[in-house]
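# Summary of structural features
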Amino acid sequence: MASNERRGVSWEELPLERERDILREAMRLVETRLPPAWSARVDEAPRVGGRRRADAVMTLTAPDGERGRFVVEAKRLLTPRDVPQVLLQLNDLAHSQHSTMPTATMVVARYLPPSTRARLEEQGASYADATGNVRIVLNRPALFLRDRGADKDPWRGPGRPRGTLKGPSAARIVRALADCAPPLTVPELAGRSGASLGATYRVVEFLEREAIIERQHRGPIVDVEWRRLIERWSEDYGFQSSNLTVSCLQPRGLGALTNTLRAEDESRYALTGSLAAVRFAPYASPRLAMIYVDDLQQAIEHLDLRPVSTGANVLLAAGEYDVVFDRTLDIDGLRIVAPSQIAVDLLTGPGRSAAEAMALLDWMQAHESEWRQ
């Protein structure tokens, strides 16, 4: 249970508008999570190495008396895009200290979203936020401390969400960014995706904050971390959660199903999931077919399927996401969604799909020129 909840105070009741208040609350939460016989001392705004002030230095003392410390930076808000610059400044301060005491870096904020926490972990930095998301790593004295707080910003009020890739428009933009190599201007991206210019600008601004794309000032998008983009999209899009799906059985097996699909010319379909991924990155014998269709009832009849509640070997999906039919491929007589779509469907699919997704993403990384326009 988070410390704020133990006191009977909800996160939203703590205003925490000032960085000083954020710092003190985060340091308090870290102290309450230390192992027995460990102690902490926090010096606010000290001179570090005779240079500019850090927001704080926290010194931890182990039971045997060995000490280590963190140079701490407090932020009201921190996006993944801001992480490299903040850590650069913190590392400069840490290295400027004339001390034999081991010194590490820590960032604290009112709330750190999952993408920001992941970027901090990639860079080896410790962090804490006022909701109880805590990760403390110290080599000497040895300490690893982790706790989980809120998964969403409890202080964010109503209004258009800033941190989402939900909806068909966002899906079109994500797919275009993944499938089309930069450079791309925002109007070009809107044209390729089929989304409105306003929606495209909103998604681009969000992805810039997440440090997933890089855009020149008032210029084109020059870099896209497409793997992180697909993984981030999977938090807001899912084959089953974003579409209407029906579980079915093909009694004669998946071989009979693919033969029927090769002969299908009356309705629009696109194969995804394991049966599609195996054409690029074989992982294991597919046991489940995942198929996008226009009309669920028509597909059940044309493909000779039986709706079932258990024992399904076919999942049919239909919905608003027409982007799944963009840039499909004809492979071995089968209509297959683009690799970027297969990847997100596997990341959110049932069973062993997540492992198959990793294998496909690894293949995509090694063969980018073969699938990316």
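Numbering of residues starts from 1 in each chain and follows the order in which that chain's sequence is written. Local features in a predicted model are, by the rule used here, given only for residues with pLDDT of at least 70; side-chain atom pairs are given and counted only at 80 or more, and totals for whole chains, interfaces and linings are based on all residues. In computing side-chain values, all of the structure's heavy atoms are included and hydrogens and water are not.

For the rest of this paragraph, the subject is the overall build of the protein. Numbering of helices and strands starts at the N terminus; helices are DSSP runs of H or I of at least 4 residues and strands are runs of E of at least 2. Helix and strand content of the protein: 14 helices and 16 strands. Out of the 373 residues in the protein, the part that is buried amounts to 51%. Any two residues having at least one pair of non-hydrogen atoms within 4.5 Å are treated as being in contact. Long-range contacts, defined here as pairs at least 24 residues apart, represent 62% of the contacts in the protein between residues at least 6 apart. Counting only carbon and sulfur atoms, one obtains 46% of the accessible surface of the protein, whose full area is about 17,300 Å². Seen as two clouds, the 49 positive and the 50 negative side-chain charges of the protein have centres 6 Å apart. Only protein chains enter the area calculation, which uses a 1.4 Å probe; residues under 20% of their type maximum are buried, those over 50% are exposed, and those in between are partly exposed. All accessible-area figures derive from a Shrake-Rupley calculation using a 1.4 Å probe, and residue coverage is judged against the displayed protein chains alone. Charged-residue counts in this description rest on Lys and Arg as positive and Asp and Glu as negative, His and the chain ends being excluded. Positions of charges follow a simple convention, taking NZ of Lys, CZ of Arg, CG of Asp or CD of Glu.

Once that is clear, we can look at the packing of aromatic side chains. When the centres of two rings from Phe, Tyr and Trp lie within 6.5 Å, Trp using its six-membered ring, the rings pair. Their planes under 30 degrees apart give stacked, over 60 give edge-to-face, and anything left gives tilted. Scanning all chains against the criterion turns up 5 aromatic pairs. Relative to Y237, the ring of W233 has its centre 5.0 Å away and its plane inclined at 25°; by these criteria the two rings are stacked. Between the aromatic rings of F239 and Y292, the centroid separation amounts to 5.1 Å while the plane-to-plane angle is 65°, which identifies the pairing as edge-to-face. In this pair, F239 is assigned in the loop between α8 (226-233) and β10 (244-249) and Y292 in strand β12 (residues 289-293), connecting sequence segments 53 residues apart.

Moving on to the confidence of the model for the protein. The predicted model of the protein averages 88 in pLDDT, with 91% of residues at 70 or higher. The pLDDT value tells you how sure the predictor is about a given residue, anywhere from 0 up to 100. Per-residue pLDDT stays below 50 along residues 1-9; that stretch engages in 21 contacts with residues further than four places along the chain or on separate chains.

Relative to the helices and strands, D295 resides in the loop between β12 and α11 (296-302). A relative accessible area of 37% means that D295 is categorised as partly exposed. Put simply, D295 and R33 are 262 residues apart on the chain and 54 Å apart in space, counted from C-alpha to C-alpha. Here Q297 takes part through its backbone nitrogen, which lies 3.1 Å from a polar atom of the side chain of D295. N or O atoms closer than or at 3.5 Å make up a polar contact, with two conditions inside protein: a donor-capable atom paired with an acceptor-capable one, and, for residues adjacent in sequence, both atoms drawn from side chains.

To describe two helices that pack against each other, one gives the angle between their axes and the distance between the axes. Simply put, an axis is a line fit to the C-alpha atoms, just over the touching stretch for a helix, and the angle between two N-to-C directions goes from 0 to 180 degrees. In the contact formed by helix α5 (residues 168-179) and helix α7 (residues 197-209), the axes pass within 10 Å of each other and the chain directions differ by 65°. Crossing handedness for the pair α5 and α7: right-handed. Only A199, T200, V203 and L207 of α7 make contact with α5, whose side of the interface consists of S169, A170, I173 and L177. For any helix crossing, the convention is left-handed if the near helix is rotated counterclockwise from the far helix by under a right angle, and right-handed if that rotation is clockwise.

On to the sheet that holds strand β2 (residues 56-61). Only strands joined by at least two bridges in the DSSP assignment are considered to pair. Reading across the sheet, the 7 strands line up as β1-β2-β3-β4-β5-β6-β7 and stay open at both edges, with mixed pairing between neighbours. With partners counted over all chains shown, the strands left at the sheet margins are β1 (39-44) and β7 (143-147), one partner each. Neighbour to neighbour, the strand axes of the sheet diverge by 25° on average, direction disregarded. Looking at chain direction, strand β5 (residues 126-129) and strand β6 (residues 134-138) are connected through 2 bridges and run antiparallel.

Here we take up the nonpolar core. Counting 73 residues, the largest nonpolar core has L257, I291, L316 and L360 as its most contacted members. By residue number, the principal contributor to this core is α5, which donates 7 residues. Here I291 is in contact with F239, L257, L261, Y269, A270, L271, T272, L303, V314, L315, L316 and A317, once residues within four sequence places are set aside. We call a set of buried residues a nonpolar core when its members are Ala, Val, Leu, Ile, Met, Phe, Trp, Tyr or Cys and they connect through side-chain atoms within 4.5 Å of each other.

Turning next to the pattern of salt bridges. We count a salt bridge whenever a side-chain nitrogen from Lys or Arg sits within 4 Å of a carboxyl oxygen from Asp or Glu. Under the definition given, this model contains 26 salt bridges. Here E121 and R146 are joined by a salt bridge, their closest N and O atoms 2.7 Å apart. Of the two residues, E121 sits in helix α4 (residues 114-122) while R146 sits in strand β7, which places them 25 residues apart along the sequence. Residues R227 and D362 are paired through a salt bridge, measuring 2.8 Å at the closest nitrogen-oxygen approach. Highlighted residues: R227 in helix α8 and D362 in helix α13 (residues 353-366), separated in sequence by 135 residues. Exposure remark for R227: the relative accessible area of 17% places this residue in the buried category. Under the relative-accessibility criterion, D362 is labelled partly exposed at 44%. Linked by salt bridges that have partners in common, E210, R232, E235 and D236 make up one network.

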